[in-house]
Amino acid sequence: KRTLGGMKYQPSDLLYIDFESLCEICSQQEVRTQVLAAIQRAKIMFLDDVNPEHDPERAKLVLQVIEGRYAAGQMGTFITTNLTTEALSKISHTHEEALRSRCAEMFYEIDFADSIDWRVKIRRRRISSLQKELLAKAQQVLATLLSNHPVSRE
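This report concerns the structure included in the present document. (Residues numbered from 1 in each chain as written. Predicted model: local features only at pLDDT ≥ 70, side-chain atom pairs only at ≥ 80, totals over all residues. Heavy atoms only, no water.)

**Focus on the pattern of salt bridges**
So, step 1. Using the criterion set out here, one finds five salt bridges in the structure.
So, step 2. Among the ionic pairs, arginine 58 bridges to glutamate 53, the shortest N-O distance being 4.0 Å.
So, step 3. Linking lysine 60 and glutamate 57 is a salt bridge whose minimum nitrogen-to-oxygen distance equals 3.8 Å. Residue lysine 60 and its partner glutamate 57 are located together in helix 4 (residues 56–71), separated by three residues, close to a single helical turn.
So, step 4. Given a relative accessible area of 37%, lysine 60 falls into the partly exposed group.
So, step 5. Assessed through its relative accessible area of 44%, glutamate 57 is described here as partly exposed.
So, step 6. Bridged by salt links that share partners, the residues Glu20, Glu53 and Arg58 form one connected network. (Salt bridge = Lys/Arg side-chain N within 4 Å of Asp/Glu carboxyl O. Helix = DSSP H or I, 4+ residues; strand = E, 2+ residues; numbered from the N terminus. Buried < 20%, exposed > 50% of the residue type's maximum accessible area, 1.4 Å probe, protein only.)

Structural data, given as C-alpha cells:
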C-alpha cells in the first residue's frame, strides 16, 4: 500500500474495460505489463464481454487478470461473459484447473438465463414509443384529410 500510495499516478477506484479493448491494448508486451499492474491496483474492476475466441493468448490474458487481482487481494472483480470456465479455458488442462480454482475462490456465478435482457426491454420500450408516435401521426393525417375532403354518408 505504501509503495502504491507513493506512486505519481494512481489507478481509478473503479476501472471498466471491455475485453476487446484489453486485448488490443495488451498486444504489445511492454504495455501489457503496465496495464496488468494497473488492473491489479484498481479497487473495483469490471471486465466486460470476455470471449477468447479460441485464441490461446486471449485466454491466457483472462487468467492473468484473474490471477493478478487474486494475488493483489482485490476481490472487487466483476467479469461478464456468456461462457463457462470450461469454455474459457480450452488451452490446456492445467490452464483450466488454474482458472477454475481462482474463479471458485473469487467469484459468485450469477446466471441471468431466466432474466429479461435489458437491451430487449429497452428495444421494446422504443418500439412501443415509436408505435404510439406513428399512430398519433396517422390519426393527425387522417383528421386533416377528412377535414379537407368531407365524406358524405349517402
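**Thoughts on the pairing of strand 3 (residues 76–79)**
Consecutive residues of a regular strand have side chains that alternate between opposite faces of the sheet.
So, step 1. Pairing geometry for strand 2 (residues 44–48) and strand 3, over four bridges, is parallel. Bridge assignment links phenylalanine 46 to a residue of strand 3, and that residue is phenylalanine 78.
So, step 2. Traced from strand 2 through helix 4 to strand 3, the parallel crossover comes out right-handed. (Pairing = 2+ DSSP bridges. Right-handed = clockwise from strand over helix to strand, strands pointing away.)

**Observations concerning the packing of aromatic side chains**
So, step 1. On inspection of all chains with the given rule, the structure shows one aromatic pair.
So, step 2. Measuring from centroid to centroid gives 4.7 Å for phenylalanine 46 and phenylalanine 78, while their planes differ by 15°, and the two rings are stacked. With phenylalanine 46 in strand 2 and phenylalanine 78 in strand 3, this residue pair connects regions lying 32 residues apart in the sequence.
So, step 3. Relative accessible area serves as the criterion here: at 31%, phenylalanine 46 is assigned to the partly exposed category.
So, step 4. You can call phenylalanine 78 partly exposed: its relative accessible area is 42%. (Phe/Tyr/Trp six-rings, centres within 6.5 Å; stacked < 30°, edge-to-face > 60°.)

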